[in-house]
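Structure at a glance
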Amino acid sequence: MNIQVEDIRIRAILATYRKRVPVTEGYVEVKDEGTWKQICDKHWTMKNSRVVCGMFGFPSERKYNTNVYKMFASRRKQHYWAYSMDCSGNEAHISSCKLGNHLTGTGKNSSCDNGMPAVVSCVPGRAFAPSSHSGFRKAFRQEQPLVRLKGGANTGEGRVEVLKNGEWGTVCDDNWNLVSASVVCRELGFGSAKEAITGARLGQGMGPIHLNEIDCTGFEKSVTDCKFNTESQGCNHEEDAAVRCNVPAMGFQNQLRLSGGRNPYEGRVEVLAERNGTLRWGTVCSHNWGTVEAMVVCRQLGLGFASHAFQETWYWHGDVSADDVVMSGVKCSGTEMSLSHCRHDGPHVSCPRGGGRFGAGVSCSETAPDLVLNAELVEQTAYLEDRPMFLLQCALEENCLASSAHNTSLTSGYRRLLRFSSQIHNNGQSDFRPKNGRHAWVWHDCHRHYHSMEVFTHYDLLNLNGTKVAEGHKASFCLEDTECEAGVQKQYECANFGEQGITVGCWDVYRHDIDCQWIDITDVPPGDYLFQVVINPNYEVAESDYSNNVMKCRSRYDGQRIWMYNCHIGEGWESSSRARRAPRIPLTQGISCFPPVKSSGAIPLSWETPSSHNQILLPSWDLFGS
């Protein structure tokens, strides 16, 4: 028979642990018939401790000083639970453990002859390890992790991704269960798994599916030590496995509140801060307040992702007694568990506009979009074009060319353009919509449609030390569903002042042959470079994962031809071992001049590589794309 109790807790007994956050050591107590009771330690095992620690967000257990607890127990009368626990150690919750021996005793007074209350001492993950000055230590980055969680709104949840052969990939959800999910959670410094999530419910990944039919015992150090099938036939990203882990109770949500909103998911941000020796509520200065800071607030309150960040909140009447600014200069990286972990001014706040109606505000959402660029397509479609200036009038007006273009002859001059196609997928859980409403969209006469975002992507060519040598000025974008996965309906199109956005499961394509879909490299000398595309670079629109918004390629330019290779998605160039490959083939012929008119047919382009001279048919010319 399995254990059934109303609740369970770790109650700190020793003074040192009572002051700490999180509580890592103390009596194990269960709530039975409305009363908290201790558990007799006569049949208590370290396997039981492992399960209890896992439930409270701790990856492992440790031994403790029994003498101190014996002395403490001898002074107090205990109220014991009538049973003992019998866990195997790999359970995610005590409800999966067996009910142990019935204790001796009469009525409701069970006795624990020659024993004392069971104690657990848990080892927190390093991100949650208590420190002396503030009760917790800031999150840290693990060195070269083999497993990571992506796309989750809260700490300790997300799609499971595994690093294999230098490439991140997903896990298929066949046989995915709490035991295997708990191995992932403990490996990452959390407790056991609260939920093993199937069906890509926390968003679809991209790239390979590395593991399938995972079968863990529950005691492995890493999910890569479990039995699994590397064959993923029949699996697709609609079956990506995810997890929600137990995390320690840090009390962060009590240090913050949203005030004045129409619902619990929005409002002016008010923080609890110490002023003149007393704790009081106050506002956050909204100067430079943005989506990244709002993301941290929503995560801290357990409200999911940020949907908007507000620098004025006069329409939300917060608590008048909390109008004063108590936090200013807030700058977050986006991974913090608490707003207080972000960089901010010290006790002397600086906020020219003041608080009150100018206090920072947020609105939160349980879901968010997640845009990812198709890196392979960029690599396949990149080429050079020498384009006459007389065909670049629109581009010149929209600042899509390097500044030296203003001195180029309109009749005989040309610009050398590095062109490529962009295919931007929405792999998230909600549609990507522009920040601005229709009233703020800008009509572009050249292209004959409205642009809903002034900055949607940055295109840059960098030298190997990261200095920018050329940039694309694809400033304005019209967002629409170009194509969708099977079964997904297109919702957004630019024509006729239509609604703009990218639906979940759809992608927006900016073809190589449309205006401004390039970097002007006319002034760039031959050499080795990094080519970089950044989507949503100013974080104008909230996403569940910004780390996959950057795509980088190695490129080599000899003055006539350009090679593009090792294109990959990721934060840093070093994050992929694929980046260390040498270039094998030049992806482009040196110079291609396209006809200056809109063609109805495909344009043949000779694509020259050392191994072949294939003729590739590229899509028809379109001067009027987005």
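Presented here is an overview of the structure given in this document. (Residues numbered from 1 in each chain as written. Predicted model: local features only at pLDDT ≥ 70, side-chain atom pairs only at ≥ 80, totals over all residues. Heavy atoms only, no water.)

As for the overall build of the protein chain
Formally: To qualify as a helix, a DSSP run of H or I must reach at least 4 residues; to qualify as a strand, a run of E must reach at least 2; elements of each kind are numbered from the N terminus. A 1.4 Å probe rolled over the protein chains alone gives each residue an accessible area, and that area as a share of the maximum for its type sets the label: buried under 20%, exposed over 50%, partly exposed in between. For this analysis, residues touch if any pair of their heavy atoms sits within 4.5 Å. The protein chains shown are the only cover counted for residues, whose accessible areas, like all others here, come from Shrake-Rupley with a 1.4 Å probe.
Across its full length, the protein chain holds seven helices and 38 strands. When burial is assessed residue by residue, the protein chain has 52% of its 626 residues classed as buried. Considering only contacts within the protein chain whose residues lie at least 6 apart along the sequence, 69% involve residues at least 24 apart. For the protein chain, the computed accessible surface area is about 28,600 Å², with 49% contributed by carbon and sulfur atoms.

Looking at the pattern of salt bridges
We count it as follows: Each salt bridge in this description consists of a side-chain nitrogen of Lys or Arg and a carboxyl oxygen of Asp or Glu lying within 4 Å of one another.
Inspection of every chain in the model, using the stated rule, returns 27 salt bridges. The salt bridge partner of R387 is E385, with a shortest N-O separation of 3.0 Å. You'll find R387 and E385 in the same group, each marked buried. Put simply, D386 and R416 hold a salt bridge, and the shortest N to O gap is 2.9 Å. Of the two residues, D386 sits in strand 24 (residues 383–388) while R416 sits in strand 25 (residues 414–419), which places them 30 residues apart along the sequence. Just as D386 is buried, R416 falls in that class too.

Remarks on helix 4 (residues 178–187)
Structural remark: α-helix, 3.6 residues per turn; residues separated by three or four positions point the same way. Here is the rule we go by: Polar contacts, as used here, are pairs of N or O atoms within 3.5 Å; protein pairs need one atom able to donate a hydrogen and one able to accept it. Residues neighboring in sequence count only if both atoms are side-chain atoms.
Among the ten residues in helix 4, eight count as buried, and that is most of the element. Within the sequence span of helix 4, burial applies to S180, A181, S182, V183, V184, C185, R186 and E187. The N-terminus of helix 4 is capped by N177, whose side-chain oxygen sits 3.2 Å from the backbone nitrogen of V179.

Details of the pairing of strand 16 (residues 242–245)
Inclusion rule: For two strands to be treated as a pair, DSSP must find at least two bridges joining them.
Pairing geometry for strand 11 (residues 157–164) and strand 16, over three bridges, is antiparallel. Following the sheet pairing, G158 is matched in strand 16 by V243. Here strand 13 (residues 193–197) pairs with strand 16 via four bridges, running antiparallel. When the bridges of strand 16 are listed, E195 appears paired with R244.

Brief notes about unusual backbone geometry
Along the chain, V21 connects to P22 via a cis peptide bond; the corresponding omega equals 0 degrees. In this structure, P22 sits in the loop between helix 1 (15–18) and strand 2 (25–32). Unusually for a residue other than glycine, N165 sits at a positive phi of about 55 degrees. Among the structural elements, N165 can be located in the loop between strand 11 and strand 12 (167–171). Judged by its relative accessible area of 69%, N165 falls in the exposed class. Positive phi is not limited to glycine here, since Y539 has a value of about 55 degrees.

Details of the state of the cysteines
How we decide: We call a pair of cysteine sulfur atoms a disulfide whenever their separation is within 2.5 Å.
Enumeration according to the criterion identifies twelve disulfides in this entry. C53 shares a disulfide with C122; S-S distance 2.0 Å. Across the disulfide from C53 to C122, rotation about the S-S bond amounts to roughly -85 degrees, and the bridge is consequently left-handed. Within this pair, whereas C53 is found in helix 2 (residues 46–55), its partner C122 is found in strand 9 (residues 119–123), the two being separated by 69 residues in sequence. Each member of the pair, C53 as well as C122, carries the same accessibility label: buried. Two residues, C484 and C506, share a disulfide whose sulfurs are 2.0 Å apart. Residues C484 and C506 are joined through a disulfide that is right-handed, its torsion about the S-S bond being 100 degrees. Note that C484 is positioned in strand 31 (residues 483–484) and C506 in strand 32 (residues 506–510), a separation of 22 residues in sequence.

Looking at the environment of R244
Tracing the backbone shows R244 in strand 16. Those residues within four positions of R244 in sequence are excluded, and the remaining contacts are G156, E157, A193, K194, E195, I197 and L202. Among the polar contacts listed, one links the side chain of R244 to the side chain of E157, at a separation of 2.8 Å.

What to know about the sheet that holds strand 29 (residues 457–462)
Put simply, the rule is: Helix axes are fitted to C-alpha atoms over the stretch in contact, other axes to C-alpha atoms as well, and angles between N-to-C directions run from 0 to 180 degrees.
Read across the sheet, five strands follow the order 30-29-34-35-36 without closing on themselves; strand pairing throughout is antiparallel. Two strands lie at the open edges of the sheet, namely strand 30 (468–472) and strand 36 (562–569), each paired on one side alone. Sheet twist, expressed as the average angle between the axes of neighbouring strands with direction ignored, equals 20 degrees. In the sheet, strand 29 pairs with strand 30 via four bridges, with the strands oriented antiparallel. Paired with L461 across the bridge in strand 30 is A470.

What about the packing of aromatic side chains?
The criterion, for reference: Between 30 and 60 degrees the pair is tilted, below 30 it is stacked and above 60 it is edge-to-face, where a pair is any two Phe, Tyr or Trp rings, Trp via its six-membered ring, whose centres lie within 6.5 Å. Note on geometry: a ring has a charge over it if NZ (lysine) or CZ (arginine) is within 6 Å of the ring centre and within 35 degrees of the ring normal.
Within this structure, the stated rule accounts for twelve aromatic pairs. Between F310 and Y315 the ring centres are 6.3 Å apart and the planes differ by 80 degrees, which places this aromatic pair in the edge-to-face class. Taken together, F310, W314, Y315 and W316 form an aromatic cluster joined through their ring pairs. The ring of W36 has R9 sitting right over it, with the charged end atom 4.1 Å from the ring centre.

Focus on the pairing of strand 14 (residues 209–215)
Burial analysis of strand 14 places five of its seven residues in the buried class, the great majority of the element. As defined by bridge partners, strand 12 adjoins strand 14 across two bridges and the pair is classed as parallel. From the neighbouring strand, T170 faces strand 14, where its bridge partner is I209. Two elements, strand 14 and strand 15 (residues 227–229), share two bridges in a ladder whose sense is antiparallel. Each bridged residue has a counterpart across the sheet, and for D215 the counterpart in strand 15 is K227.

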